[in-house]
Each structure stands twice: as C-alpha cells, then as structure tokens.
Amino acid sequence: MTEHDRRTTLLAAAALLALAACWGSTFFMIKDLLDRVPTLDFLALRFSIASLALLLVAPRAIARLSPVVRRHAVVLGLLYGVAQILQTAGLAHTPASISGFVTGLYVVCTPLLAAAILRTRIPPITWAAVALATVGLGVLALNGLSIGYGELITLASAVLYALHIVGLGAWSSAQDAIGMTILQVMVIAVVCTLSTARDGIVLPDRAGDWASVAYMAVVVGALGLLGQTWAQAHLPPTRSAIIMSMEPVFVSLFAVSLGGEDVTARLLLGGTMVLVAMLTVELAPRRVVEGEVPHIAV
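About the thresholds
Residue positions are counted from 1 within each chain, in the order its sequence is given. Selection of residues for local features in this predicted model requires a pLDDT of at least 70, selection of side-chain atom pairs for listing and counting requires 80 or more, and totals for whole chains, interfaces and linings are taken over all residues. The basis for every side-chain value is the complete set of heavy atoms in the structure, and neither hydrogens nor water enter the calculation. UniProt positions are given in the numbering used here, feature names are shortened, and annotations may be inferred rather than shown by experiment. Think of it this way: any DSSP run of H or I at least four residues long counts as a helix, any run of E at least two long counts as a strand, and we number them from the N terminus. Here the radius of gyration uses the C-alpha set of atoms, whereas the globule reference equals 2.2 Å times the residue count to the power 0.38. Burial status follows relative accessibility: with a 1.4 Å probe on protein chains alone, a residue under 20% of its type maximum counts as buried, one over 50% as exposed, and anything between as partly exposed. When checking whether two residues touch, look at their non-hydrogen atoms; a contact exists if any pair is within 4.5 Å. Per-residue accessibility takes into account occlusion by the displayed protein chains alone, with areas from the Shrake-Rupley method and a 1.4 Å probe. This count recognises Lys and Arg as positive and Asp and Glu as negative, with His and chain-terminal groups excluded. In plain terms, the charge of a residue is placed at NZ if it is Lys, CZ if Arg, CG if Asp and CD if Glu. Only rings of Phe, Tyr and Trp enter the pairing, Trp through its six-membered ring, and a pair is recorded when the two centres are within 6.5 Å. The plane angle decides the type: under 30 degrees is stacked, over 60 is edge-to-face, the rest tilted. Salt bridges are defined by distance alone: a side-chain nitrogen of Lys or Arg within 4 Å of a carboxyl oxygen of Asp or Glu.

Under an unreviewed UniProt entry, the name given to the protein is Drug/metabolite transporter (DMT)-like permease, and the source organism is Nocardioides cavernae. Turning to the protein, the UniProt record has this under Subcellular location (unreviewed entry): "Cell membrane". Under the Sequence similarities (unreviewed entry) heading, UniProt states for the protein: "Belongs to the EamA transporter family."

Asker: Could you give me a rundown of the overall build of the protein, with the residues and numbers involved?
Answerer: Of the regular secondary structure elements, the protein holds 14 helices and 0 strands. Of the regular secondary structure in the protein, the N- to C-terminal order runs α-α-α-α-α-α-α-α-α-α-α-α-α-α. Relative to the globule expectation of 19 Å for 298 residues, the C-alpha radius of gyration of the protein, 18 Å, shows essentially globular dimensions. Along the first, second and third principal axes, the C-alpha atoms of the protein reach 55 × 50 × 35 Å. By residue count, 50% of the 298 residues in the protein fall in the buried class. Excluding contacts between residues fewer than 6 apart, the proportion of contacts in the protein whose partners are at least 24 apart in sequence is 91%. Total accessible area on the protein stands at roughly 13300 Å², and carbon and sulfur atoms take up 69% of it. Computed over 17 positive and 16 negative side-chain charges, the inter-centroid distance for the protein is 10 Å.

Asker: Could you give an account of unusual backbone geometry, with specific residues and numbers?
Answerer: Phi is positive for Arg119, which is not a glycine, with a value near 55°. Structurally, Arg119 can be placed in the loop between helix 6 (106–117) and helix 7 (124–141).

Asker: Could you give an account of the UniProt feature "transmembrane region" (unreviewed entry) in the protein, naming the residues involved and the relevant values?
Answerer: What UniProt calls "transmembrane region" (unreviewed entry) maps, in this numbering, to residues 43–62, 74–92, 98–118, 125–146, 152–171, 178–198 and 210–229. As annotated, residues 98–118 comprises 86% helix and 0% strand, and the C-alpha atoms at either end are separated by 30 Å. This span, residues 152–171, is 100% helix and 0% strand, and a straight line between its end C-alpha atoms measures 28 Å.

Asker: Please provide a residue-by-residue account of the environment of Ile201, values included.
Answerer: Mapped onto the secondary structure, Ile201 falls in the loop between helix 9 (177–196) and helix 10 (207–231). Apart from the residues lying within four places of it in its own chain, the contact partners of Ile201 are Asp41, Thr193 and Thr196.

Asker: Summarise helix 11 (residues 237–244); cite the residues concerned and give the values.
Answerer: Across the 8 residues of helix 11, 8 count as buried, placing the element largely inside the fold. For helix 11, the full list of buried residues reads Pro237, Thr238, Arg239, Ser240, Ala241, Ile242, Ile243 and Met244.

Asker: Please give an account of the packing of aromatic side chains that cites residues and values.
Answerer: Counted by the stated rule, this structure contains 2 aromatic pairs. Between Phe47 and Tyr80, the ring centres sit 6.4 Å apart and the planes meet at 80°, which makes this aromatic pair edge-to-face. Of this pair, Phe47 sits in helix 3 (residues 39–57) while Tyr80 sits in helix 4 (residues 67–91), and the two are 33 residues apart along the sequence. The same class applies to Phe47 as to Tyr80, namely buried. Taking 5.5 Å as the distance between ring centres and 75° as the angle between the ring planes, the aromatic pair formed by Tyr80 and Tyr161 counts as edge-to-face. Remark: Tyr161 occurs in helix 8 (residues 149–171) and Tyr80 occurs in helix 4; sequence separation between them is 81 residues. The pair formed by Tyr80 and Tyr161 is uniform in burial state, with each residue classed as buried. Of the aromatic side chains, those joined through ring pairs into one cluster are Phe47, Tyr80 and Tyr161.

Asker: Residue-level account of the pattern of salt bridges, with values.
Answerer: Evaluated as defined, the whole model comprises 4 salt bridges. For Glu3, the salt bridge identified is with Arg7, shortest N-O distance 3.9 Å. One end of the pair, Glu3, and the other, Arg7, are both in helix 1 (residues 3–25), 4 residues apart, so they sit about a helical turn from each other. The salt bridge partner of Asp32 is Arg36, with a shortest N-O separation of 2.8 Å.

Spelled out as structure tokens, the structure:
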C-alpha cells in the first residue's frame with residue numbers, strides 16, 4: 001500500500017467516524033421533533049429536502065452514471081429506505097434501547113453477508129472485533145432482551161442495513177460517489193413518501209423544527225450518505241460496519257455532555273469495548289484484518 005493509499009483509507013475511516021458522530025448528535029433533535037411530526041412524515045420530508053439539496057449542487061451527476069451503476073444505486077436506495085421503515089415500525093413495538101441494540105447487529109450481519117455474497121475471507125482478528133463491538137453494544141443498551149414482533153422486524157432492518165453496507169463496499173467508486181448518493185437519496189425519499197402519503201404528510205409548524213429537519217436532511221442525510229458512499233469505495237464492508245458501530249457511543253457521549261445524564265459504569269465499559277473494537281481494525285496491519293475483496297462486478 002502506497003503512502004497515498006494509506007492517507008486515503010485513513011481519511012475514509014475518519015469520514016465514517018464523523019458520520020457516526022453526526023448520527024449520534026441527532027438523537028435529541030429527533031426525539032424532540034417526533035413529539036410533533038410523525039416518524040414516516042419526518043423521514044419523507046428529510047430525504048426529499050436532501051434530494052433537492054444534492055440536485056442543486058450537482059444536477060448532472062446522475063446523467064453521468066452508467067446504466068449498471070444507476071441500477072446499483074436504485075437497489076441500495078431501496079434497501080436503505082425499507083430498512084428505515086422497518087426500523088421505525090419496530091420502534092413502535094419495542095423499547096428504544098433494545099431497538100438500538102438490535103439495529104446495531106448490522107455489525108454482525110455485515111461480515112456474514114460479505115463472506116456469503118462477496119466470497120470474502122474474514123480473518124479471526126476481525127471476527128474478534130465484531131464480537132467485542134456486539135458485546136459492547138449490548139452493555140450500552142440492554143437491561144434485558146425478549147424476542148417479539150418489534151425485535152424481529154428491527155432485526156430485519158439490521159440485515160437490510162448490512163446489505164446496504166456490503167453493497168456500497170462492492171459497488172461504490174470515488175468517481176461515481178455524488179451521482180450514486182443523489183440517486184440513493186431520491187429512491188429513499190420516494191419509498192418513505194409512498195409509505196406515508198396515503199394519510200397525508202404532516203409538516204413542522206415551528207421555525208426550530210424546520211432548522212432541525214434542515215440539519216438532519218442536508219448535513220446528516222445528504223452529506224452523510226455522500227461521505228459513506230465515498231468512504232466505502234476505499235474500505236471493506238466489515239471494517240466500515242465496525243467504525244459505524246460507534247454511533248451509540250456518541251449518542252451516550254452527547255447524552256452526558258448535552259442531556260445532563262450521568263456517566264455510568266455501563267457507559268464506560270460498553271463504550272470502551274466498542275472503541276477497542278474499532279481501534280483493533282484500524283491499528284492492526286491491513287494484511288491481518290483485511291481478508292476482504294472490496295469490489296465485485298455485477
């Protein structure tokens with residue numbers, strides 16, 4: 001690996017870590033906003049605004065995509081959009097902490113699907129990092145776990161998120177990142193809008209709510225998915241999933257720093273385990289942690 005390649009992969013990992021931090025930063029905004037705007041209405045509005053913002057910045061990016069890349073982007077957008085709906089439906093039937101843990105199981109599903117679909121070899125040290133991250137998520141989130149309807153459909157969303165991560169790792173390229181992102185976001189917006197349009201869409205009626213939606217649409221939604229698409233052109237799927245599993249750690253950090261919550265032993269232990277898992281795949285030699293083939297032609 002050349003020095004340029006090392007810098008690029010480091011920047012890609014930093015981009016995914018920043019994305020996890022952005023996701024974590026939205027917890028309080030979303031929790032407050034959803035008291036006044038239904039979840040699916042919020043998702044439809046958020047991704048519609050994100051689509052418009054991206055189209056204004058790069059109106060010709062989709063036209064530059066090849067037909068194959070467009071099909072890939074549509075598939076990825078469908079996966080992500082349906083995952084959002086399933087996660088939302090599951091949240092209505094299961095506590096938020098358990099929903100967060102079950103959703104975070106994409107960190108386990110990703111290497112399994114990468115091995116099955118991409119025919120990649122996942123080295124033992126990477127499996128160890130996956131196991132450590134999963135246990136850490138459990139320590140952070142769980143007081144108990146029962147399996148019911150809500151947990152099952154949330155698990156289905158985790159599988160779809162994992163498929164999205166694997167698909168991005170296989171199909172994304174740096175030169176197509178903008179066009180793929182725009183098309184994905186447009187498909188997500190259509191999926192979410194169709195799922196809620198039958199009973200009308202409730203819009204925010206406060207300036208502060210619109211500001212929150214704009215931040216989550218443009219910064220977290222549009223720029224976040226653009227960063228993920230570009231980063232995964234340079235990183236294997238399992239490594240990406242482990243980095244993004246830092247999201248609940250950032251949620252807890254923001255809860256302590258902004259929400260006035262106490263620092264608990266569970267936060268320290270669970271957060272440390274997820275952090276160590278991420279550092280394991282980032283600091284160990286690439287030949288040790290990467291038995292994956294990052295791209296396939298389909």
